[in-house]
Amino acid sequence: MQCTETRGNDGHRPCQVSFSQAMLDPMASFGGLYAPADLPRLPEDFLARQLHADYAALASAVLNLYQPDIPAEVLTQALTRYAQFDDAQTPVPLHPLTDNLFINELYHGPTRAFKDIALQPFGALLSHQAAARQEQFLVLAATSGDTGPATLHTFRNCPQVKVVCLYPVGGTSDVQRLQMVTETAPNLCVLGIHGDFDDAQTALKRLLCSDDFQAQLARRNTRLSAANSVNIGRIMFQQVYHIAAYLALVRRGTIRSGDPITINVPSGNFGNALGAYYARRMGLPIDRILIASNQNHVLTDFIRTGRYDLRNCVLVNTHAPAMDILISSNIERLLFDLFGPARTRTLMSALAHERYYALDAGELAQIQAIFTADFATDAEVRACIRDVSEQGYIIDPHTATCFKVQDQADRNLPSVICATAEWTKFSPVLAEALLDEPGLTDAVALHRIAEATNQPVSPQIADIFQRPVQHRAQIMPDAIETAISDFL
Ligand SMILES: *Cc1c(COP(=O)(O)O)cnc(C)c1O
């Protein structure tokens, strides 16, 4: 598999790199990203052959279509990380909500959000590369709440990798924050940033591109990488569960192989949705991809109008904080795939300088041929959590955003909603929605909801309030570089 640059080549970097190079060094020319140079097609008999495969075997088969420069046994070993999920054979179970509506439960990993699905094997691959090259790696992660815990968990005690995780102070749930700041492994550093997720992600991208910072790291024999979905290594694993859901629908007789389905994704940085888009491009019969947002609805506006407009946009904190994002990084890979590197560079540069770009009518039509978008307000999210709970099923606020755009789905096709987090990470919102008790702390809300709904609190979350806090630093964005140097 070769990866190529979304904004074209600057004459200094190689214009194509291998998958593992893109994973180790994720920033491309002109501040762009790496994307697969070619997307493989699913072979004719692929779905039939994988119909009864367990998840790790399916993942291995999908990734091998890309012919990555990863030895087969290393990939196999990385995929054994799914043994930590609730059910090693079926780490991603499909729950039928109605005859035609299914929930792809992506949150059964160690940190109870879908980030584990990609970050667990990704962490194993990166650790292996670092050991094989006898190099030290510094992995930077900016998080709006779920990437942080999952990144810290996957690299816990890994001798060759240090992790610095940046989270917005006040921008995550208590459980999410505690998952990070109670980590004890000595190779992990967690920094609260006074700012929002975009500030943290922008600071991270700046460091990734900074020659000074790289030189400073080189003196410590350390290389820099990133665990955000700017890293193509994560996206590769995010195609697999869409294919797994399709196969589950075939197995249960809801569809026959080849029949179209709808995929509905609560979106922020667009990594999950891009995984669905790549699966569709590979030939998985996905009719449309629905993009759900919260009140930070830049993606909804973009898909409806072709205009990506940040000029009068202010980030608001919502019930679904992992989607409190204005600059959605993986849209860049979609633009690249549809319109090529020159156009992508023009558009992304306009976004950086004018905080605005607009597609032309032909381009917009291409996007609208695939995607439908809508957003849900916090009140709609709460109402949805309540409605769905009446069917005996508990969803988290991110998953709840999907039900509004679901109204626009083709009713003749089965739909798969991606459930991206377990409710336990956002229990105060559930207490407000289900018990009409706003303002409870996580610690109280968790048990109230568990009692009221007869749901267990997963063991990964149950003892989190008892663990001692290890990481207390809260800094301004411009102090990040110094803080990282101190940690190293
Ligand atoms: C990260 C996250 C999202 C957004 O996913 P993207 O791939 O960034 O679009 C949605 N919900 C939850 C719970 C998340 O953790």
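Note that the coordinates shown come from a computational prediction; the quantities given were computed from them, not determined experimentally. (Residues numbered from 1 in each chain as written. Predicted model: local features only at pLDDT ≥ 70, side-chain atom pairs only at ≥ 80, totals over all residues. Heavy atoms only, no water.)

Student: How do you make sense of the overall build of the chain when you look at a structure like this?
Tutor: Tallying secondary structure elements over the chain gives 22 helices and 16 strands in all. Expected size for 488 residues packed as a compact globule is a radius of gyration near 23 Å; at 21 Å, the chain falls within 12% of this value. With the C-alpha coordinates of the chain rotated into their principal frame, the extents come out at 60 × 50 × 50 Å. Every one of the 488 residues in the chain was classed for burial, and the buried ones make up 61%. For the chain, restricting intrachain contacts to residue pairs at least 6 apart in sequence, the fraction spanning at least 24 positions comes to 74%. Split by element, the accessible area of the chain, about 18,000 Å² in all, is 47% carbon and sulfur. (Helix = DSSP H or I, 4+ residues; strand = E, 2+ residues; numbered from the N terminus. Rg over C-alpha atoms; globule rule 2.2 N^0.38 Å. Buried < 20%, exposed > 50% of the residue type's maximum accessible area, 1.4 Å probe, protein only. Contact = heavy atoms within 4.5 Å. Areas by Shrake-Rupley, 256 points an atom, 1.4 Å probe, with all protein chains shown as cover.)

Student: Would you take a moment to explain the side chain of T154 for this structure?
Tutor: Structurally, T154 is set in helix α6 (residues 147-155). At 3.3 Å, the side chain of T154 forms a polar contact with the backbone oxygen of Q120. Non-local contacts of T154, meaning those with residues more than four positions away in its chain, are made with R81, L119, Q120, G123 and A124. (Polar contact = N/O pair within 3.5 Å; in protein donor to acceptor, adjacent residues only side chain to side chain.)

Student: Looking at this structure, how should I read the sheet that holds strand β15 (residues 415-419)?
Tutor: Hydrogen bonds between backbone groups are what pair the strands of a sheet, and the pairing can be parallel or antiparallel. Read from one edge to the other, the open sheet built from 6 strands follows the order β4-β5-β15-β10-β11-β14, with strand pairing classed as mixed. Sheet topology places β4 (94-96) and β14 (371-375) at the edges, where each strand pairs with a single neighbour. On average, each strand axis in the sheet is inclined to that of its neighbour by 25 degrees, with strand direction left out of account. Across the sheet, helix α12 (residues 271-281) lies against β10 (261-266), β11 (286-293), β14 and β15, angled at about 170 degrees from β11, the strand it touches most. (Pairing = 2+ DSSP bridges. Axes fitted to C-alpha atoms, helices over the stretch in contact; angles between N-to-C directions.)

Student: Where do I start with the site of the ligand in this structure?
Tutor: Taken together, 15 residues form the shell around the ligand, and within it K115, D146, G268, N269 and T420 come nearest. Between an oxygen atom of the ligand and a side-chain N or O atom of K115, the distance comes to 2.6 Å. N269 is positioned such that a nitrogen or oxygen atom in its backbone is 2.8 Å from an oxygen atom of the ligand. In isolation the ligand has 380 Å² of accessible area, and contact with the protein removes 97% of it. Using a 2 Å cut-off from the grid points, one finds that the ligand occupies the largest cavity. Taken together, the residues that form the shell around the ligand break down as 6 nonpolar, 7 polar and 2 charged. (Near = heavy atom within 4 Å. 1 Å grid on protein atoms, 1.4 Å probe; cavity = no way out; pocket = protein on both sides within 12 Å on 5 of 7 lines; lining within 4 Å. Sits in = over half its atoms within 2 Å of the grid points. Nonpolar A, V, L, I, M, F, W, Y, C, P; charged D, E, K, R; others polar.)

Student: Help me out: how do you make sense of helix α8 (residues 197-209) in this one?
Tutor: One full turn of an α-helix is made of 3.6 residues, so residues set three or four places apart face in the same direction. Between the first and last C-alpha of α8 there are 18 Å, a value that for 13 residues agrees with the 18 Å anticipated at 1.5 Å per step. For α8, the complete set of buried residues consists of F197, D198, A200, Q201, A203, L204, L207 and L208. (Expected span 1.5 Å × (residues − 1).)

Student: Any chance you could explain empty space enclosed by the protein here in plain terms?
Tutor: If a probe as big as a water molecule is rolled over the atoms, it shows which places are left empty. As enumerated under the stated definition, the model contains 4 cavities of 30 Å³ or more in all. By volume, the largest cavity amounts to about 270 Å³. Lining the largest cavity are 25 residues; nearest its centre among them are F114, K115, G268, N269 and A322. For the lining of the largest cavity, the per-class residue count stands at 9 nonpolar, 13 polar and 3 charged. (Points joined across faces, edges and corners; volume = space filled by probe spheres on them.)

Student: I keep staring at the pattern of salt bridges and nothing clicks. Help me out?
Tutor: A side chain with one charge can pair with a side chain of the opposite charge if their charged atoms come near. Counted by the stated rule, this structure contains 16 salt bridges. Notably, a salt bridge pairs R112 with D86, separated by 2.9 Å at the nearest N-O pair. Placement of R112 in the loop between β5 (101-105) and α5 (115-133) and of D86 in the loop between α4 (72-79) and β4 is noted, with a sequence separation of 26 residues between them. Measuring nitrogen to oxygen at the nearest pair gives 2.6 Å for the salt bridge that ties R448 to E437. Placement of the pair is R448 in helix α20 (residues 442-453) and E437 in the loop between α19 (427-435) and α20, with a sequence separation of 11 residues. Residue classification places R448 among the partly exposed positions, given a relative accessible area of 32%. Each of D86, R112 and E422 takes part in salt bridges that share partners, so that together they form one network. (Salt bridge = Lys/Arg side-chain N within 4 Å of Asp/Glu carboxyl O.)

Student: Teacher, can you tell me more about the nonpolar core here?
Tutor: Looking at soluble globular proteins, one finds that nonpolar side chains tend to be buried together. By size, the foremost hydrophobic cluster in this structure holds 116 residues, and its most contacted members are Y357 and F371. Top element by residues in this core is helix α11 (residues 240-251). It accounts for 10 residues. The contact partners of F371, leaving out residues within four places of it in the chain, are F270, Y277, R288, I289, I291, I303 and L334. Core analysis: the second largest hydrophobic core is formed by 34 residues, Y107, W423, I449 and V457 among them. (Core = buried A, V, L, I, M, F, W, Y, C linked by side-chain atoms within 4.5 Å.)

Student: Explanation requested: helix α9 (residues 211-219) in the structure shown.
Tutor: Here α9 has its buried residues at F213, Q216 and L217. The buried residues of α9 occupy an angular sector of 95 degrees when projected down its axis, which confines them to one face. Exposed and facing more than 90 degrees away from the buried side of α9 are D211, D212, A218 and R219. Elements in contact with the buried residues of α9: β6 (136-142), α8, β9 (222-226) and α22 (480-487). If you check the start of α9, you find a side-chain oxygen 3.4 Å away from the backbone N of D212, and it comes from S210. A positive backbone phi angle near 60 degrees is found at N221, which sits one or two residues after α9. (Arc of directions from axis to C-beta.)

Student: Hey, could you run me through the pairing of β14 in this one?
Tutor: Within a regular beta strand, the side chains point alternately toward one face of the sheet and then the other, so they alternate between its two faces. Along β14, 5 of the 5 residues are buried, which leaves the element largely enclosed by surrounding structure. Burial along β14 is two-sided: F371, A373 and F375 and T372 and D374, pointing in opposite directions, are all buried. With 5 bridges connecting them, β11 and β14 associate as parallel partners. The partner of L290 across the bridge, within β14, is T372.

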